[in-house]
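# Architecture and fold: a report
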Amino acid sequence: MSMQSTPPTAADPFGTHLRHWRQHRRLSQLDLANEAQVSTRHLSYVETGRAEPSREMVLRLAERLEVPLRERNALLVAAGYAPMYRQRSLDDPALASARRAVELVLKGHEPFPALAVDRHWNLVAHNALVPLLMAGAAPELVKPPINVLRLSLHPDGLAPRIANLPQWRGHLLERLQQQIAATGDAALVALHDELAAYPAPSVSHDAPAAGGELANVVVPFQLVTPNGVLSFISTTTIFGTPVDVTLQELAVESFFPADAQTAKALAALAEPTPA
């Protein structure tokens, strides 16, 4: 299933990149010209390569098109300018403070599970509760890099233990579609296609009604464990005004107990084992 047009490559001219993002955002040249306060004629010339954009115009157009930082760098390079936003590993010493902030958030969320993922949903960091919930998954699914969406929905992963699998599967695929719409990332399109092709059996467990009173507000995550069915609601935290590609693409997923039984079970799991 092809969900989006093929993104331009590094060898493509700036106009091709610009046209891709304009069409991806479903804007006409007139719409974009008005938003960016440039003439439609000049914008047309830029798209066709008859005019070269200034650096300021590249950034202004990228801002109006809500282009992610990684792709803004690609736009700048295609236009003949140096990239503006740094791309570093989270292990880079320059991002040590950001790494510590993430680890503090994850640790502070205990005894509830929390994890950090990159733009492709690969696990970057987690707190002590996460491995307990991943127990039982096939070894190849928990070898780094661990893709948490694949781990969740794969038949050899957590899927057989998700009490509300059809509901949770639909929620994850919808989130992925929204991310694809925002970024146009071809790797996410491939991941969506892979996940959508997994079997979606009707799973029946002795679980509470999905979401209970919260069903109209959030989609719960209900996992069958030896400690009973654990029911969670989740939130996503991102850096508010990042100037680094890595930080913009980092997200912290925090899971909260949706009922008293889950809170009690998690507190027991977090207690250290007696020597």
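Presented here is a report on the structure given in the accompanying data block. (Residues numbered from 1 in each chain as written. Predicted model: local features only at pLDDT ≥ 70, side-chain atom pairs only at ≥ 80, totals over all residues. Heavy atoms only, no water.)

### A look at the pattern of salt bridges
The condition that has to hold: A pair is scored as a salt bridge if a Lys or Arg side-chain nitrogen falls within 4 Å of a carboxyl oxygen belonging to Asp or Glu. Numbering goes from the N terminus for both helices and strands, where a helix is a DSSP run of H or I of at least four residues and a strand is a run of E of at least two. To sort residues, take the accessible area from a 1.4 Å probe on protein chains only and compare it with the maximum for the residue type: under 20% means buried, over 50% means exposed, and anything in between is partly exposed.
Within this structure, the stated rule accounts for 12 salt bridges. A salt bridge links Glu 47 to Arg 22; its shortest N-O distance comes to 2.5 Å. You can see Glu 47 sitting in helix H3 (residues 40-48) and its partner Arg 22 sitting in helix H1 (residues 14-24), a full 25 residues away along the chain. The exposure classification of Glu 47 matches that of Arg 22, with both residues buried. Of the charged contacts, one joins Glu 249 and Arg 70 as a salt bridge, the two residues approaching to 2.8 Å between their closest N and O atoms. Of this pair, Glu 249 sits in the loop between helix H11 (245-248) and strand E5 (251-257) while Arg 70 is found in helix H5 (residues 69-78), placing the two residues 179 residues apart along the sequence. For Glu 249, a relative accessible area of 17% translates into the label buried. For Arg 70, a relative accessible area of 23% translates into the label partly exposed.

### Quick word on helix H4 (residues 55-64)
Put simply, the rule is: Throughout, a contact is declared for two residues whenever any of their heavy atoms are within 4.5 Å.
Considered for burial, the residues of H4 that qualify are Met 57, Val 58, Leu 59, Leu 61 and Ala 62. Where H4 is buried, its residues meet H1, helix H2 (29-36), H3 and H5. Just beyond H4, the residue with positive phi is Glu 66, at close to 55 degrees.

### Quick word on the packing of H4 against H5
The following threshold applies: Only C-alpha atoms enter the line fits that serve as axes; for helices the fit covers just the stretch in contact. Angles between N-to-C directions range over 0 to 180 degrees. When an angle is under 35 degrees it counts as roughly parallel; over 145 it counts as roughly antiparallel; between 65 and 115 it counts as roughly perpendicular; any other value is oblique. Handedness of a crossing is defined here by the sense of rotation of the near helix relative to the far one, left-handed for an anticlockwise turn of less than a right angle and right-handed for a clockwise turn. Under this grouping Gly is polar, as are all residues other than the nonpolar Ala, Val, Leu, Ile, Met, Phe, Trp, Tyr, Cys and Pro and the charged Asp, Glu, Lys and Arg.
It is the contact of H4 with H5, at a shortest axis distance of 10 Å, that shows an interaxial angle of 150 degrees. One finds that H4 runs roughly antiparallel with respect to H5. The handedness of the crossing between H4 and H5 is right-handed. Contacts from Arg 55, Val 58, Leu 59, Ala 62 and Glu 63 of H4 reach H5 at Arg 72, Leu 75 and Leu 76. Along the lines of polarity and charge, the residues of the contact of H4 with H5 split into five nonpolar, no polar and three charged.

### Description of the environment of Gly 184
Here Gly 184 shows up in the loop between helix H9 (165-183) and helix H10 (186-197). Put simply, Gly 184 and Thr 6 are 178 residues apart on the chain and 8.5 Å apart in space, counted from C-alpha to C-alpha. Setting aside residues no more than four positions away along its own chain, Gly 184 makes contact with Pro 7, Trp 21, His 24 and Gln 179.

### A closer look at the pairing of strand E1 (residues 114-117)
In regular strands, side chains alternate between the two faces of the sheet. The condition is simple: Here the rule is simple: two strands pair whenever DSSP picks up at least two bridges between them.
The alternating pattern of E1 places Ala 114 and Ala 116 on one face and Leu 115 and Val 117 on the opposite face, and all of these are buried. Inspection of the sheet shows E1 paired to E5 by four bridges, in the antiparallel sense. Among the inter-strand pairings, Ala 114 is bridged to a residue of E5, identified as Ser 254. Linking two consecutive strands that pair antiparallel, namely E1 and strand E2 (residues 123-126), is a turn of five residues; a positive phi of about 70 degrees is found at Trp 121 within it.

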